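Observations on chain architecture
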Amino acid sequence: RYAEVYVWPSRSTRDWDELVRIDLYGLSLERGFAYYERARAKRSLGLWDESVADMTQAMLLDSKYQWIEGPGTRRDWSRLLDDLGRALKLNAKRAWTHAWQGLALLRLGRPLEARRALSRARALDPRHAWALAWQAEASWACGDGARALSQAGQARRLDPACSDAHGLEALVFHRDLALGV
């Protein structure tokens, strides 16, 4: 693909900036890919706050683009959590940084801490569907299926494209159906 050939060799943020600009001129490039790679480049350079903004944009364009590819390892999520802590020191008013922090905590098996981070994200942006979906997952992990189902449904209504809300809602519904609840 043109996007990969154009910028792949150097992976500098300037190249990714150029790719995003070219796409904005109407070429049919995959914008999510450009934002995703630019976010990864900025993170490797220690530009954490800028990296969060780009990764968020990538994920909103296509939910397959997230910080960790696949399930990731504890080490991957721990490193991301450290980087997000640095980003929060630069800008604690970005709801997405708190949301990503909540997701990292959730993946590290710390659902109570995740709920707190996700609550901070929702306090900054009450219509943050992804934070609410991940909050639903944290509720599920804490054993509160009814709350998880309610939160997932609310997240889906806020953003019908929020795939995590759909998945969790289906999981909770089918589990309850199987249990005869």
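Residues numbered from 1 in each chain as written. Predicted model: local features only at pLDDT ≥ 70, side-chain atom pairs only at ≥ 80, totals over all residues. Heavy atoms only, no water.

**Some remarks on helix α5 (residues 74-90)**
Condition: Here a strand is any run of E in DSSP of at least two residues, a helix any run of H or I of at least four, and the numbering for each starts at the N terminus. Helix span, expected: 1.5 Å multiplied by one less than the number of residues in the helix. Residue exposure (1.4 Å probe, protein chains only): buried if accessible area is under 20% of the type maximum, exposed if over 50%, otherwise partly exposed.
Given a rise of 1.5 Å per residue, 17 residues ought to cover 24 Å, and the 25 Å separating the end C-alpha atoms of α5 matches this to within 8%. Listed as buried for α5 are Trp77, Leu80, Leu81, Asp83, Leu84, Ala87 and Leu88.

**Things to note about the pattern of salt bridges**
Side-chain pairing between opposite charges can occur once the charged atoms of the two side chains come close. Applicable threshold: Salt bridges, as used here, are contacts in which a Lys or Arg side-chain nitrogen is within 4 Å of a carboxyl oxygen on Asp or Glu.
Tallying each qualifying case throughout the model produces nine salt bridges. With a shortest N-O distance of 3.4 Å, Glu50 and Lys42 are connected by a salt bridge. The exposure class of Lys42 is buried, given its relative accessible area of 9%. Where Asp54 meets Lys42, a salt bridge forms, and the shortest distance between an N and an O atom there is 3.2 Å. Pair noted here: Asp54 is in helix α4 (residues 48-61) and Lys42 is in helix α3 (residues 31-44), with a separation of 12 residues, a long-range link. With respect to class, Asp54 is no different from Lys42; both count as buried. Bridged by salt links that share partners, the residues Arg38, Lys42, Glu50 and Asp54 form one connected network.

**A short note on the confidence of the model for the protein chain**
Threshold: Each residue carries a pLDDT score, the predictor's confidence in it, ranging from 0 to 100. Here a residue-residue contact requires only that any non-hydrogen atoms of the pair lie within 4.5 Å.
Summarising the model, the protein chain shows a mean pLDDT of 80, and 77% of its residues fall at 70 or more. Element-level mean pLDDT values for the protein chain span from 39 in helix α1 (residues 2-7) up to 97 in helix α7 (residues 111-124). In this model residues 1-10 is a low-confidence stretch, pLDDT under 50, and it forms 19 contacts with partners more than four residues away in sequence or in other chains. Here residues 22-29 scores under 50 on pLDDT; set against residues more than four positions off or in separate chains, the count is 11 contacts.

**Observations concerning the packing of aromatic side chains**
Where we set the bar: Each Phe, Tyr or Trp ring (for Trp, its six-membered ring) is paired with any other whose centre lies within 6.5 Å, and the angle between the two planes then decides the class: stacked below 30 degrees, edge-to-face above 60, tilted in between.
Applying the stated criterion across every chain yields a total of four aromatic pairs. Between the aromatic rings of Trp96 and Trp134, the centroid separation amounts to 6.2 Å while the plane-to-plane angle is 80 degrees, which identifies the pairing as edge-to-face. Here Trp96, found in helix α6 (residues 95-107), pairs with Trp134, found in helix α8 (residues 129-141); they are 38 residues apart in sequence, far enough to count as distant. Overall, the relative accessible area of 0% leaves Trp134 in the buried class.

**Quick word on empty space enclosed by the protein**
The line we're drawing: Each cavity reported here is a set of points on a 1 Å grid over the protein atoms alone in which a 1.4 Å probe fits but cannot get out, each pocket an open set with protein on both sides within 12 Å along at least five of seven lines, and each lining residue one with an atom within 4 Å of a point. Grid points are joined across faces, edges and corners, and a volume is the space filled by probe spheres set on the points. Polar here means any residue other than Ala, Val, Leu, Ile, Met, Phe, Trp, Tyr, Cys and Pro, which are nonpolar, and Asp, Glu, Lys and Arg, which are charged; Gly is therefore polar.
Inspection of the entire model under this criterion finds one cavity of 30 Å³ or more. Mapped by element, the contributors of at least two residues to the lining of the largest cavity are α4 and α5. Counting residues per element, the lining of the largest cavity draws most heavily on α5, which supplies four residues. Its residues assigned to classes, the lining of the largest cavity shows six nonpolar, one polar and two charged.

**What to know about the nonpolar core**
Quick note on the threshold: Residues belong to one nonpolar core when they are buried, are Ala, Val, Leu, Ile, Met, Phe, Trp, Tyr or Cys, and are joined through side-chain atoms within 4.5 Å.
Ranked by internal contacts, the top residues of the largest apolar core, which has 37 residues, are Trp96, Trp100 and Trp134. Where this core is concerned, the elements lending two or more residues are α3, α4, α5, α6, α7 and α8. When residues of this core are assigned to their parent elements, the largest contribution, seven residues, is made by α6. Among all residues touching Trp100, those that are not within four sequence positions of it are Val52, Met55, Thr56, Met59, Gln66, Trp67, Leu84 and Trp134. Residues Ala136, Ala148, Ala152 and Val172 belong to the second largest nonpolar core, which totals five residues.

**Some remarks on the environment of Leu112**
Secondary-structure assignment places Leu112 in helix α7. In the structure, Leu112 is positioned 27 residues away from Ser139 in sequence and 8.4 Å away in space, judged by C-alpha atoms.

**Structural notes on the packing of α6 against α8**
Selection rule: Angles run from 0 to 180 degrees between N-to-C directions of axes, and those axes are lines fitted to C-alpha atoms, restricted for helices to the stretch in contact. Under this scheme an angle from 65 to 115 degrees is roughly perpendicular, one under 35 degrees roughly parallel, and one over 145 degrees roughly antiparallel; angles in between are oblique. Handedness of a crossing follows from how the near helix is turned relative to the far one, being left-handed for an anticlockwise turn of less than a right angle and right-handed for a clockwise one.
Where α6 contacts α8, the two axes come as close as 10 Å, and the packing angle between them is 25 degrees. By the angle class used here, α6 and α8 are roughly parallel. As for how α6 packs across α8, the hand of that crossing is left-handed. Contact with α6, carried on its side by Trp96, Ala99, Trp100, Leu103, Leu106 and Arg107, involves Trp130, Ala131, Trp134, Glu137 and Ala138 of α8 and no other residues of that element.

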